[in-house]
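# Structural description and commentary
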Amino acid sequence: MLALYPSLSISTPPLTLKSVHHNPLPRFLRPLVRCDAESSSASAAKETGSRRATLRNGEDRVDICRVLNGMWQTSGGWGRIDRDDAVEAMLRHCDAGLSTFDMADHYGPSEDLYGIFINRVRRERPPEVLDKVRGLTKWVPPPVKMTRSFVENSINVSRKRMDVVSLDILQFHWWDYSNPGYLDALKHLTDLKDEGKIKTVALTNFDTERLAKILENEIPVVSNQVQHSIVDMRPQKKMAELCRLTGVQLITYGTVMGGLLSEKFLDTNLTIPFAGPPLNTPSLQKYKRMVDAWGGWSLFQTLLQTLNKIAAKHMVSIPTVAVRYILDQPAVAGSMVGVRLGLAEHIKDTNAIFSISLDMEDVASILEVSNKGKDLMRVIGDCGDEYRRA
């Protein structure tokens, strides 16, 4: 869960080629700078109507829907998930064009649900639908020695649960940077990719410094999944510039803050007990702490009121505006929208993300409010630091 560090102060000068590592251009950057002219999130995937983006590094590439179905909500805490209802809901999302699903080895039955779902797609949908389905999962290992056999056995569990020969994207998380075993793990993952068990290697919750180090070790990561919302703009402080230099792209989560960025919490006062909607899910509780660190509930209400005006102007919902704003940020290839499969559904609002275009007035209005909040880079640290500082 999220930890906050009010006393933490971090200096964040502008990132340049010199500040990444060395001058002249570092060896790890030379083969990577090439790809952005061909297909970066700032070019190929930034048109409002563009539904898909391509993540790539060298010869490794995979395309995804720019709005991903996040499956953290299957892990418990959001209501009981019925297997059959959940799979039917996944099929409805897929049929609506929302065909990229994000899971993890520790998200309850998420990988198993995907395995049932993908087999239904194979049997019941035409090949062109199957061709667009993508399953992303995460591997979050314990801090043990990263041997080849341990890494391979762990990945084989996900392959079996998801019923795929090759994982579309394997996103790797590491808890403790003082333990350099993450480089060993990533090298083994790269070998497994070369053997066809993984199509692309990616990261989740790595900071800018470690991302640069991983690239310097010639690990061909295609993306880094990080927390990013109108409230939490940390990825734009340093990491987006490294992404611009290397072609690595960002997949974002927490973009609607577990539902806080919605009409449900507009004009509510959570400072009075039982006066507003209950914070009754792990994600609502987590992102309420983020709001507190950023500027408090009163400023957050000002933000919601601003977003509500923009939403009314475009005849969409507040979450639709919130996700569109982050999708338009530099280096962002895709954003997560959590799905409570079989319990609640927002397919129409989600698809509306692809049809709206925020104008300069909209962006200026959002910036006017968001800039009044605290710089979370100084409060918490770089991307993922909330998981690593005591």
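Refer to the structure presented above.
Keep in mind the model is a prediction, meaning the values are calculated, not measured.

## Things to note about the overall build of the protein chain
Secondary structure assignment for the protein chain yields 15 helices and 10 strands. Residues classed as buried in the protein chain amount to 57% of the 390 residues present. In the protein chain, the share of contacts with a sequence separation of at least 24, taken over all contacts with a separation of at least 6, comes to 79%. Accessible area for the protein chain stands at about 16,100 Å²; split by element, carbon and sulfur atoms hold 53% of it.

## Regarding the nonpolar core
Core analysis: the biggest nonpolar cluster contains 61 residues, and Met257, Leu260, Phe300 and Leu303 have the highest contact counts within it. Here the element with the most residues in this core is helix α11 (residues 297-314); it accounts for eight residues. Setting aside anything within four residues of it in sequence, one finds Leu303 in contact with Ile230, Val231, Leu261, Trp294 and Val369. Grouped together as the second largest cluster of nonpolar side chains are 54 residues, Met71, Val133, Leu192 and Val226 included.

## Topic: the layout of surface pockets
Roughly 1,200 Å³ of internal volume is contained in the largest pocket. Looking at the largest pocket, it is lined by 50 residues, and the ones nearest its centre are Trp72, Gln73, Gly258, Ser283 and Gly338. Listed by contribution, the elements that provide at least two residues to the lining of the largest pocket are α10 (282-294), α12 (318-327), β10 (332-338) and α13 (347-352). The element that contributes the greatest number of residues to the lining of the largest pocket is α10, accounting for four residues. Residues belonging to the lining of the largest pocket are distributed by class as follows: 21 nonpolar, 22 polar and seven charged.

## Remarks on the pairing of β10
Burial within β10 is extensive, with six of its seven residues counted as buried. Where strand β3 (residues 67-70) meets β10, four bridges bridge the pair, whose relative direction is parallel. Paired with Asn69 across the strands is Val337, a residue of β10. For strand β9 (residues 249-253) and β10, the ladder comprises three bridges, and the chain directions are parallel. Directly across from Leu250, in β10, lies its bridge partner Val332.

## Focus: the pattern of salt bridges
Inspection of every chain in the model, using the stated rule, returns 31 salt bridges. Measuring nitrogen to oxygen at the nearest pair gives 2.6 Å for the salt bridge that ties Glu124 to Arg120. Note that Glu124 and Arg120 are positioned in helix α4 (residues 110-124) at a spacing of four residues, about one turn of the helix. Using a relative accessible area of 38% as the deciding quantity, one classes Glu124 as partly exposed. By relative accessible area, which is 18% here, Arg120 ends up buried. Taking the shortest distance from any N to any O, the salt bridge between Arg378 and Asp375 comes out at 4.0 Å. Arg378 sits in the partly exposed class, given a relative accessible area of 39%. Each of Glu88, Asp95, Arg120, Arg123, Glu124 and Arg125 takes part in one network of salt bridges that share partners.

## Description of the state of the cysteines
For the coordinates displayed, the defined rule picks out zero disulfides. As a non-bridged cysteine, Cys243 has Cys383 as the owner of its nearest cysteine sulfur, 8.7 Å distant. Given a relative accessible area of 2%, Cys243 falls into the buried group. Taking relative accessible area as the criterion, Cys383 reaches 2% and is therefore assigned buried.

What counts, and at which threshold
Numbers given for residues are sequential positions, taken from 1 along each chain in its written order. Thresholds applied to this predicted model are a pLDDT of at least 70 for local features of residues and 80 or more for the giving and counting of side-chain atom pairs; totals over whole chains, interfaces and linings are not thresholded and use all residues. Hydrogens and waters are ignored; side-chain quantities use all the structure's heavy atoms. Numbered from the N terminus, helices here are DSSP runs of H or I no shorter than four residues, and strands are runs of E no shorter than two. For the exposure calls, accessible area comes from a 1.4 Å probe over protein chains only, and a residue counts as buried if that area is under 20% of its type's maximum, exposed if over 50%, partly exposed in between. Throughout, a residue-residue contact means that at least one pair of heavy atoms, one from each residue, lies within 4.5 Å. Where accessible areas are quoted, they stem from the Shrake-Rupley method and a 1.4 Å probe; at the residue level, only the protein chains shown are allowed to cover. Residues enter a nonpolar core if they are buried and are Ala, Val, Leu, Ile, Met, Phe, Trp, Tyr or Cys, with the set joined through side-chain atoms within 4.5 Å. Both site types are read off a 1 Å grid over the protein atoms alone. A 1.4 Å probe that fits but cannot get out defines a cavity, while an open set with protein on both sides within 12 Å along at least five of seven lines defines a pocket; lining residues have an atom within 4 Å of a point. Grid points are joined across faces, edges and corners, and a volume is the space filled by probe spheres set on the points. Gly falls in the polar group here, along with every residue not listed as nonpolar (Ala, Val, Leu, Ile, Met, Phe, Trp, Tyr, Cys, Pro) or charged (Asp, Glu, Lys, Arg). Any two strands are treated as partners once DSSP identifies two or more bridges connecting them. When a carboxyl oxygen of Asp or Glu is within 4 Å of a side-chain nitrogen of Lys or Arg, the pair counts as a salt bridge. Here, the term disulfide refers to a pair of cysteine sulfur atoms separated by no more than 2.5 Å.

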